[in-house]
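Chains, contacts and geometry: an overview
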Amino acid sequence: SREIGYLGEFRQMGLTVDARLFNERLGDLVTQRVYALPPGWELLPSNQARTFENGEKAEIRGLEYQLKVRPSQDTLVALNQAFIHINADDLDRRNSAPNRSTTLFLSRRLADKWQVSLANRWVGAMTWMSEGDPVSKYRRLDARVARAFAAPGLKGEVALVTQGLTGQYAEFRG
């Protein structure tokens with residue numbers, strides 16, 4: 001595996017940059033082989049058996065980065081993106097990660113110990129390995145409102161979180 005990374009903190013601007021460019025070569029990956037049993041050896045109605053073998057290879061190349069900006073002490077804006085390409089003989093493995101994913105996050109502390117945040121995600125299509133089905137690209141918007149509290153010897157927070165404000169989405173289908 002090879003990677004080059006950069007972490008920069010620009011405190012006067014309230015900006016942090018964290019980036020990684022990578023190329024990972026994987027070998028001896030476990031793969032499943034399905035084959036028909038000879039007549040008379042059937043154990044299941046499908047007449048199929050499975051073995052697991054090492055030997056598959058894959059190469060994963062990509063770029064990941066995160067930008068965080070603090071325009072004020074009470075506000076955080078973050079942008080995360082990942083671009084990934086998987087080269088493998090096995091189609092399931094080749095499509096086992098989204099080619100692109102993006103998250104935009106906003107958090108704001110308000111008066112009287114209140115905090116609100118929004119997270120908007122865009123995730124590309126992919127196929128889960130083994131028993132999973134293909135999952136279409138989706139967009140997901142989440143919101144959170146919270147209030148911190150304290151008592152002698154105790155700190156806590158009560159939060160209301162809503163997920164999927166943009167409608168239905170599927171992260172996994174099996």
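A short tour of the structure in this document, coming up.

Let us now look at the overall build of the protein. Along its length, the protein carries one helix and 10 strands. In terms of C-alpha radius of gyration, the protein reaches 23 Å, well past the compact-globule figure of 16 Å for 174 residues. With the principal axes as the frame, the protein shows a C-alpha extent of 75 × 35 × 35 Å. For the protein, the residues scored as buried account for 25% of the 174 residues in total. For the protein, restricting intrachain contacts to residue pairs at least 6 apart in sequence, the fraction spanning at least 24 positions comes to 46%. Of the roughly 12,400 Å² that the protein leaves accessible, carbon and sulfur atoms contribute 55%. Counting 24 positive and 20 negative side-chain charges, the protein places the averaged centre of each group 9 Å from the other.

In this sheet, strand β3 (residues 48–72) lies alongside strand β2 (residues 15–36) in antiparallel orientation, the contact comprising 20 bridges. The partner of L15 across the bridge, within β3, is V69. In terms of strand pairing, β3 meets strand β4 (residues 75–88) through 13 bridges, oriented antiparallel. From the neighbouring strand, S72 faces β4, where its bridge partner is T75.

Further remarks concern the nonpolar core. Of all hydrophobic cores here, the largest spans eight residues; its members are F22, L29, A58, I60, I84, I86, A88 and A97. For this core, the secondary structure elements donating two or more residues are β2, β3 and β4. If one sorts the elements of this core by residue count, β4 sits on top with three residues. Once residues within four sequence positions are removed from consideration, I84 is found in contact with F22, I60, R61, G62, P98 and N99.

Under the criterion given, the structure shown has zero aromatic pairs. Note that R20 overlies the ring of F22, its terminal NZ or CZ placed 4.0 Å from the centroid.

We now examine a nonpolar patch on the surface. Together, L110, W114, V116, V145 and L160 make up an exposed nonpolar region whose accessible area comes to about 420 Å². Relative to the helices and strands, W114 is located in strand β6 (residues 114–123). A residue is classified by how much of its surface remains accessible, and W114, at 37% relative accessible area, is partly exposed.

Time to look at the pattern of salt bridges. Scanning the entire structure with this criterion turns up 11 salt bridges. A salt bridge links R109 to D74; its shortest N-O distance comes to 3.4 Å. On the criterion of sequence distance, the pair formed by R109 in strand β5 (residues 100–109) and D74 in the loop between β3 and β4 is long-range, its members being 35 residues apart. Residues D112 and R147 are paired through a salt bridge, measuring 3.2 Å at the closest nitrogen-oxygen approach. One end of the pair, D112, is in the loop between β5 and β6; the other, R147, is in strand β9 (residues 138–151), and 35 residues separate them in sequence. Judged by its relative accessible area of 28%, R147 falls in the partly exposed class. In the salt-bridge network here, residues are joined through shared partners; they are E3, R20, E24 and E64.

In this section: the side chain of T127. With respect to the helices and strands, the residue T127 is situated in strand β7 (residues 126–127). In contact with T127, not counting residues within four places along its chain, are D92, N95, S96, G132, D133 and P134.

Parameters and conventions
- Residues numbered from 1 in each chain as written.
- Predicted model: local features only at pLDDT ≥ 70, side-chain atom pairs only at ≥ 80, totals over all residues.
- Heavy atoms only, no water.
- Helix = DSSP H or I, 4+ residues; strand = E, 2+ residues; numbered from the N terminus.
- Rg over C-alpha atoms; globule rule 2.2 N^0.38 Å.
- Buried < 20%, exposed > 50% of the residue type's maximum accessible area, 1.4 Å probe, protein only.
- Contact = heavy atoms within 4.5 Å.
- Areas by Shrake-Rupley, 256 points an atom, 1.4 Å probe, with all protein chains shown as cover.
- Lys, Arg positive; Asp, Glu negative; His and termini not counted.
- Charge placed at Lys NZ, Arg CZ, Asp CG, Glu CD.
- Pairing = 2+ DSSP bridges.
- Core = buried A, V, L, I, M, F, W, Y, C linked by side-chain atoms within 4.5 Å.
- Phe/Tyr/Trp six-rings, centres within 6.5 Å; stacked < 30°, edge-to-face > 60°.
- Lys NZ or Arg CZ within 6 Å of the ring centre and 35° of its normal.
- Patch = residues over 30% accessible without salt bridge, like charges linked within 9 Å, V, L, I, M, F, W, Y side chains within 5 Å.
- Salt bridge = Lys/Arg side-chain N within 4 Å of Asp/Glu carboxyl O.

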